[in-house]
Amino acid sequence: TQTLNLGDVADTMFAKADRAVAIACGTAYYAAHTAKYWFEQKAKLAFETDIASEFRYREPVLPQTGPAMFVSQSGETADTLAALRYCRQNGTPAVAVVNVPESSIAREAAAIVPTYAGPEIGVASTKAFTAQLSVLAVLALNAAKARGHLLPGDEVMAVKSLMALPRKVTEALEAQDDIREIAKTLAPCRDVLFLGRGRYYPLALEGALKLKEVSYIHAEGYAAGELKHGPIALIEKDLPVVVIAPKDELFEKTISNVEEIRARGARVILISDAAGIKAAGNRADHVICLPDGDDISLPVLAAVPLQLLAYHVAVAKGTDVDQPRNLAKSVTVE
């Protein structure tokens, strides 16, 4: 196995690929799902994501000239490792996006892309998730360059955006006091919905997972456009609905969903940037402001308030944030 720089991985694995697949479990799967938008929009590469425990049992049709990517914090996840072995047996090169370079997944892959998150002791994945998102974003941009779809000016802007991420994450953490107060209103709740569109749909899924994991409140994430296809039946007076919607090309569509939610008496918590919060006006009951960013940085930044919200709800409820019941840091059995 080789630890390659991202440019080399992009040149050898993605430049001539017909499509790629990314396979993972839990939070890592949501990171891969977010990356799907970057690979398709930036690199113009057909990109599929799959849950590892489902992947090999449906006899998937693998890429002819592209890689399979395996995203895992520990690199020991049993289902993900089994999926990797399935791909290897069928001749598909494997790229491991892992935090532990000595792990089983890293050893058996053709190439390793380390996330360098450092040890994460808490069971619920937090910095590992933002590190995975950051690495996958850089990999998608390198793939776009290798495939001839990244103009020099766009590359410069993307690099500036990524270089600014540490500072912007620090800015996002400054919303902590507001989030703590919002969390107190969520602690007594039995149900919470999370909505997002496009790049923010996987973030809605991850926000719901975090709340479930550490506070034991039932939470579900939905693509905002799916609201009318069933979930709107759940909307009732005072139901908390967390909406992730920075001001982008899909913002107006998401805000129309917010109006439908408010009309039915639900309570809206809007996570957006300053432009989105201004455009939303008085449509939200609570707002959490993100730093300004772009389509690469904002999904990473949006993860921060979602993690803080779950954390402060758990603290308010008195649950064990670091060691949630029934969970293990690394799932090494199927």
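The sections below set out a description of the structure shown in this document. Bear in mind the structure is a predicted one, so any value in this text is a computation, not a measurement.

### A word on empty space enclosed by the protein
The gaps of empty space that remain are located by a probe, the size of a water molecule, rolled over the atoms.
No. 1: Enumeration according to the criterion identifies one cavity of 30 Å³ or more in this entry.
No. 2: Here the largest cavity defines a volume of roughly 40 Å³.
No. 3: In terms of residue class, the lining of the largest cavity is built from six nonpolar, one polar and two charged.

### Details of the pairing of strand β9 (residues 240–244)
Every other side chain in a regular strand lies on the same face of the sheet, so the side chains alternate between the two faces.
No. 1: With five of five residues buried, β9 lies mostly within the body of the structure.
No. 2: Of the two faces of β9, the one lined by P240, V242 and I244 and the one lined by V241 and V243 are each fully buried.
No. 3: Sheet analysis places strand β7 (residues 191–196) next to β9, joined by four bridges and oriented parallel. Its bridge partner being in β9, L193 is matched across the sheet by V241.
No. 4: The sheet contact formed by β9 and strand β10 (residues 267–273) spans five bridges and is parallel. If you follow V241 over to β10, its bridge partner there is V268.
No. 5: Once the chain exits β9 it traverses helix α11 (residues 251–263) before rejoining the sheet at β10, and the crossover so formed is right-handed.

### Here's the deal with unusual backbone geometry
No. 1: The phi dihedral of K44 is positive, around 55°, even though this residue is not glycine.
No. 2: Its place among the elements puts K44 in the loop between α2 (26–42) and β3 (46–51).

### Digging into the layout of surface pockets
No. 1: When its volume is computed, the largest pocket comes out at roughly 640 Å³.
No. 2: Along its surface, the largest pocket is lined by 30 residues, and C25, G26, T27, A28 and V331 are the ones closest to its centre.
No. 3: Going through the elements one at a time, α2, β4 (68–72), α4 (78–89) and α10 (201–215) are the ones with two or more residues in the lining of the largest pocket.
No. 4: The dominant element in the lining of the largest pocket, judged by the number of residues it contributes, is α2, at five residues.

Rules used throughout
Residues numbered from 1 in each chain as written. Predicted model: local features only at pLDDT ≥ 70, side-chain atom pairs only at ≥ 80, totals over all residues. Heavy atoms only, no water. 1 Å grid on protein atoms, 1.4 Å probe; cavity = no way out; pocket = protein on both sides within 12 Å on 5 of 7 lines; lining within 4 Å. Points joined across faces, edges and corners; volume = space filled by probe spheres on them. Nonpolar A, V, L, I, M, F, W, Y, C, P; charged D, E, K, R; others polar. Buried < 20%, exposed > 50% of the residue type's maximum accessible area, 1.4 Å probe, protein only. Helix = DSSP H or I, 4+ residues; strand = E, 2+ residues; numbered from the N terminus. Pairing = 2+ DSSP bridges. Right-handed = clockwise from strand over helix to strand, strands pointing away.

All quantities given are derived from atomic positions and should not be read as evidence of function.
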